[in-house]
Amino acid sequence: MADFITQKIRKAGTWTGAFSLCVLTYDERFLRRKVIKTAHGETLLVDLAHTTSMDHGDAFELVDGRLIEVIAAEEPLLEITGDLAQLAWHIGNRHTPCQIDATRLLIQDDPVIGHMLEHLGAAVRKVHQPFTPEGGAYGHGRTHSHEHVATAHDHEH
């Protein structure tokens with residue numbers, strides 16, 4: 001039996017006062033039903049209605065109203081520098097999650113993508129830090145499939 005249960009999330013900036021936290025990698029922050037550990041070693045049963053992408057600073061709301069903050073864990077990444085616009089286009093064209101900073105791009109440590117980017121003139125360096133990539137198109141974050149909100153745009157042929 002889990003120490004805590006959550007069926008609701010609160011987005012970053014809409015809450016204060018977490019009593020605990022959990023540190024999760026980018027992949028671990030994409031969940032629906034899963035038992036995870038808090039930073040204090042307690043277990044949290046996450047039981048959401050839909051698969052959800054949690055962001056750094058979001059919180060799990062427990063059934064008693066208390067909050068557990070989500071922190072982006074440090075993980076192995078590739079730091080990309082060079083012609084950022086061109087390199088970001090190639091990364092996006094491969095549907096690779098990408099964190100965009102003013103002077104660099106960050107992607108998960110993928111030797112194949114890293115090698116391709118080096119051939120395009122990028123400098124690629126391994127780093128270890130939290131990964132908080134841009135959300136997906138139309139502000140919906142990542143999903144298992146290609147899906148649009150009906151009002152986002154129309155497909156015309």
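Residues numbered from 1 in each chain as written. Predicted model: local features only at pLDDT ≥ 70, side-chain atom pairs only at ≥ 80, totals over all residues. Heavy atoms only, no water.

**A few points about the sheet that holds strand β8 (residues 99-100)**
If you walk across this open sheet you meet the four strands as β8-β9-β7-β10, and the pairing is antiparallel. The open sheet is flanked by β8 and β10 (123-130), the only strands paired with a single partner. Of the strand pairs in this sheet, strand β7 (residues 74-81) and strand β9 (residues 105-108) are connected by four bridges, and their pairing is antiparallel. Paired with Glu79 across the strands is Leu106, a residue of β9. (Pairing = 2+ DSSP bridges. Helix = DSSP H or I, 4+ residues; strand = E, 2+ residues; numbered from the N terminus.)

**A word on helix α1 (residues 84-93)**
Listing the buried residues of α1 in full gives Leu84, Leu87, His90 and Ile91. Relative to the axis of α1, the buried residues are bounded by an arc of 130° and lie together on one face. Among the exposed residues of α1, those oriented more than 90 degrees off its buried face are Ala85 and Trp89. In this fold, the buried residues of α1 make contact with β7, β9 and α2 (111-119). (Buried < 20%, exposed > 50% of the residue type's maximum accessible area, 1.4 Å probe, protein only. Arc of directions from axis to C-beta. Contact = heavy atoms within 4.5 Å.)

**Concerning the packing of aromatic side chains**
Under the definition given, this model contains two aromatic pairs. Relative to Phe19, the ring of Phe4 has its centre 5.4 Å away and its plane inclined at 75°; by these criteria the two rings are edge-to-face. Taken together, the positions of Phe4 in strand β1 (residues 4-10) and Phe19 in the loop between β1 and β2 (20-24) put the pair 15 residues apart, joining distant regions of the chain. Looking at Phe4, the relative accessible area reads 13%, which means it is buried. By relative accessible area, Phe19 is classed as partly exposed at 33%. Arranged with centres 5.2 Å apart and planes meeting at 70°, the rings of Tyr26 and Phe131 form a pair that is edge-to-face. Highlighted residues: Tyr26 in the loop between β2 and β3 (30-37) and Phe131 in the segment after β10, separated in sequence by 105 residues. Phe131 shares its class with Tyr26; the two are buried. (Phe/Tyr/Trp six-rings, centres within 6.5 Å; stacked < 30°, edge-to-face > 60°.)

**Description of the confidence of the model for the chain**
Scored by pLDDT, the chain comes out at a mean of 88, with 86% of its residues at no less than 70. Across residues 143-157 the pLDDT falls below 50, and counting only partners more than four positions away or on other chains, this stretch makes nine contacts in the model. (pLDDT = per-residue confidence, 0-100.)

**Points about a nonpolar patch on the surface**
Side chains of Met1, Ile5 and Val63 sit close together on the surface and give an oily, nonpolar patch of about 390 Å² of accessible area. For Val63, the location among the structural elements is in the loop between β5 (59-62) and β6 (67-72). (Patch = residues over 30% accessible without salt bridge, like charges linked within 9 Å, V, L, I, M, F, W, Y side chains within 5 Å. Areas by Shrake-Rupley, 256 points an atom, 1.4 Å probe, with all protein chains shown as cover. Salt bridge = Lys/Arg side-chain N within 4 Å of Asp/Glu carboxyl O.)

**Some remarks on the nonpolar core**
Core analysis: the largest hydrophobic core is formed by 13 residues, its most contacted members being Cys22, Ile36, Leu44, Val46, Phe60 and Ile68. Elements supplying a minimum of two residues to this core: β2, β3, β4 (43-53), β5 and β6. The leading source of residues in this core is β4, at three residues. Contact partners of Leu44, with chain neighbours within four places excluded, come to Ala2, Phe4, Ile5, Thr6, Lys34, Val35, Ile36, Phe60, Leu62 and Ile68. If you look at the next biggest cluster of nonpolar residues, it comprises 12 residues, including Leu84, Ile91, Cys98 and Ala122. (Core = buried A, V, L, I, M, F, W, Y, C linked by side-chain atoms within 4.5 Å.)

**Focus: the sheet that holds β1**
In space, the six strands of this open sheet follow the order β2-β6-β5-β1-β4-β3, with mixed pairing throughout. The open sheet has two free edges, formed respectively by β2 and β3, since each of these has just one partner strand. Adjacent strand axes in the sheet meet at a mean angle of 30°, parallel and antiparallel pairs treated alike. Summarising the sheet, β1 and β5 pair through four bridges and their orientation is antiparallel. Residue pairing across strands places Arg10 opposite Ala59, the latter belonging to β5. (Axes fitted to C-alpha atoms, helices over the stretch in contact; angles between N-to-C directions.)

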